[in-house]
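Here is how the chains run, residue by residue.
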Amino acid sequence: MNIYDLIIDDKNAVKLEDVLLSEENRKTVNQLIKEHLYIEELSRYGLPVNNKIFLHGSSGCGKTTTAKAIAAALGKPILILNLSNVVCSRIGETSQNIKAVFDKAARDKAVLFLDEFDQVGKERGNDEKDVGEMRRLVNTLIQLIDYFPEKSMLIAATNHATIIDHALTRRFQLRLSFEMPSRDELDLYYDKLLAEFPPHLRKIERLYAISYAEAKDNALTQVKVILIRQLESAEKLSVEK
């Protein structure tokens, strides 16, 4: 299979300042970026840089945008694993496909983003066949992660951290938790999201106890409803005249 069939082409860069992070997560990400900016200087003192990051938590709360923002901040290309093409019915092919993507990330000194990591790193089950197949895949991933070069970066993300094999998760130097945003955090997000629209399009019903992704979808849908309603009214007045 062509290597480009194993990667999702996403050129939509994200600025780190546009990502809503908890204070703790932002501090961790900023330190991570600084380490890679000063990687040569740190190496002179024999100091390793963190380059394996595990993002876990609620869906739609910023894991993917954080990965893209880290890549953009470092000026590195991001390779997003295409799980639909990587995972095959034959476990050996899946391992080969994953290795091919890891190798390309290493050559390109890129950020490799493994979204839905639980699909390939799931904890081994009780079924004897399943244990054997998953053990081989997990062992492949362990080796690839262990020998992943410092000048590249590996970011894995999941909504289901508890089902991932512990032998994999413990190999990540940094673990960032993404929780559902609070009311105040959502208000800040709504303010920023709606700021680009004129005042008459900002009068939406703000929903809470939802993810950032859900808030964005709902807010933009309401903006479109208001805009279309106004356009229809203007057209009706024009016809009546």
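Section: the overall build of the protein chain
Here is step 1 of the chain: Scanning the protein chain for helices and strands turns up 10 helices and six strands.
Here is step 2 of the chain: Taken along its principal axes, the extent of the C-alpha atoms in the protein chain is 75 × 45 × 35 Å.
Here is step 3 of the chain: Each of the 241 residues in the protein chain was classed as buried or not, and the buried ones make up 41%.
Here is step 4 of the chain: Looking at the protein chain as shown, the accessible area adds up to about 14000 Å², and 50% of this sits on carbon and sulfur atoms.
Here is step 5 of the chain: Counting 34 positive and 36 negative side-chain charges, the protein chain places the averaged centre of each group 3 Å from the other.

Considering the pairing of strand β4 (residues 111-114)
Here is step 1 of the chain: Of the two faces of β4, the one lined by Val-111 and Phe-113 and the one lined by Leu-112 and Leu-114 are each fully buried.
Here is step 2 of the chain: Examined bridge by bridge, strand β3 (residues 78-81) and β4 share three bridges and lie parallel to one another. From the neighbouring strand, Ile-80 faces β4, where its bridge partner is Phe-113.
Here is step 3 of the chain: Two elements, β4 and strand β5 (residues 153-158), share four bridges in a ladder whose sense is parallel. When the bridges of β5 are listed, Leu-114 appears paired with Ala-156.

Some words on the packing of aromatic side chains
Here is step 1 of the chain: Scanning the entire structure with this criterion turns up five aromatic pairs.
Here is step 2 of the chain: Centre to centre, the rings of Phe-117 and Phe-172 are 5.9 Å apart; their planes meet at 80°, and the pair counts as edge-to-face. In this pair, Phe-117 is assigned in the loop between β4 and α6 (118-121) and Phe-172 in the loop between α8 (166-169) and β6 (174-178), connecting sequence segments 55 residues apart.
Here is step 3 of the chain: Relative accessible area serves as the criterion here: at 2%, Phe-172 is assigned to the buried category.

Remarks on the pairing of strand β2 (residues 52-57)
Successive side chains on a regular strand alternate, one facing one side of the sheet and the next facing the other.
Here is step 1 of the chain: β2 sits mainly inside the fold: five of its six residues count as buried.
Here is step 2 of the chain: Examined bridge by bridge, β2 and β5 share five bridges and lie parallel to one another. The residue of β5 that forms the bridge with Leu-55 is Ala-157.
Here is step 3 of the chain: In terms of strand pairing, β2 meets β6 through five bridges, oriented parallel. Looking at β6, one finds that Leu-55 is bridged to Leu-176.

Thoughts on the pattern of salt bridges
Here is step 1 of the chain: Evaluated as defined, the whole model comprises seven salt bridges.
Here is step 2 of the chain: In this structure, the salt-bridge partner of Asp-103 is Lys-99, at a minimum N-O distance of 2.9 Å. Taken together, the residues Asp-103 and Lys-99, both in helix α5 (residues 91-108) and four residues apart, mark about one turn of the helix.
Here is step 3 of the chain: Among the ionic contacts, a cluster of salt bridges with common partners joins Asp-187, Asp-191 and Arg-206.

A word on the nonpolar core
Here is step 1 of the chain: Ranked by internal contacts, the top residues of the largest apolar core, which has 31 residues, are Ile-98, Phe-102, Leu-112, Leu-114, Phe-117, Leu-154 and Leu-168.
Here is step 2 of the chain: For this core, the element with the highest residue contribution is helix α7 (residues 128-146), accounting for seven residues.
Here is step 3 of the chain: Residues within four places of Leu-168 in sequence aside, it is in contact with Phe-117, Gly-121, Val-138, Leu-141, Ile-142 and Ile-145.
Here is step 4 of the chain: Grouped together as the second largest cluster of nonpolar side chains are 25 residues, Ile-33, Val-111, Phe-113 and Ala-157 included.

Rules used throughout
- Residues numbered from 1 in each chain as written.
- Predicted model: local features only at pLDDT ≥ 70, side-chain atom pairs only at ≥ 80, totals over all residues.
- Heavy atoms only, no water.
- Helix = DSSP H or I, 4+ residues; strand = E, 2+ residues; numbered from the N terminus.
- Buried < 20%, exposed > 50% of the residue type's maximum accessible area, 1.4 Å probe, protein only.
- Areas by Shrake-Rupley, 256 points an atom, 1.4 Å probe, with all protein chains shown as cover.
- Lys, Arg positive; Asp, Glu negative; His and termini not counted.
- Charge placed at Lys NZ, Arg CZ, Asp CG, Glu CD.
- Pairing = 2+ DSSP bridges.
- Phe/Tyr/Trp six-rings, centres within 6.5 Å; stacked < 30°, edge-to-face > 60°.
- Salt bridge = Lys/Arg side-chain N within 4 Å of Asp/Glu carboxyl O.
- Core = buried A, V, L, I, M, F, W, Y, C linked by side-chain atoms within 4.5 Å.
- Contact = heavy atoms within 4.5 Å.

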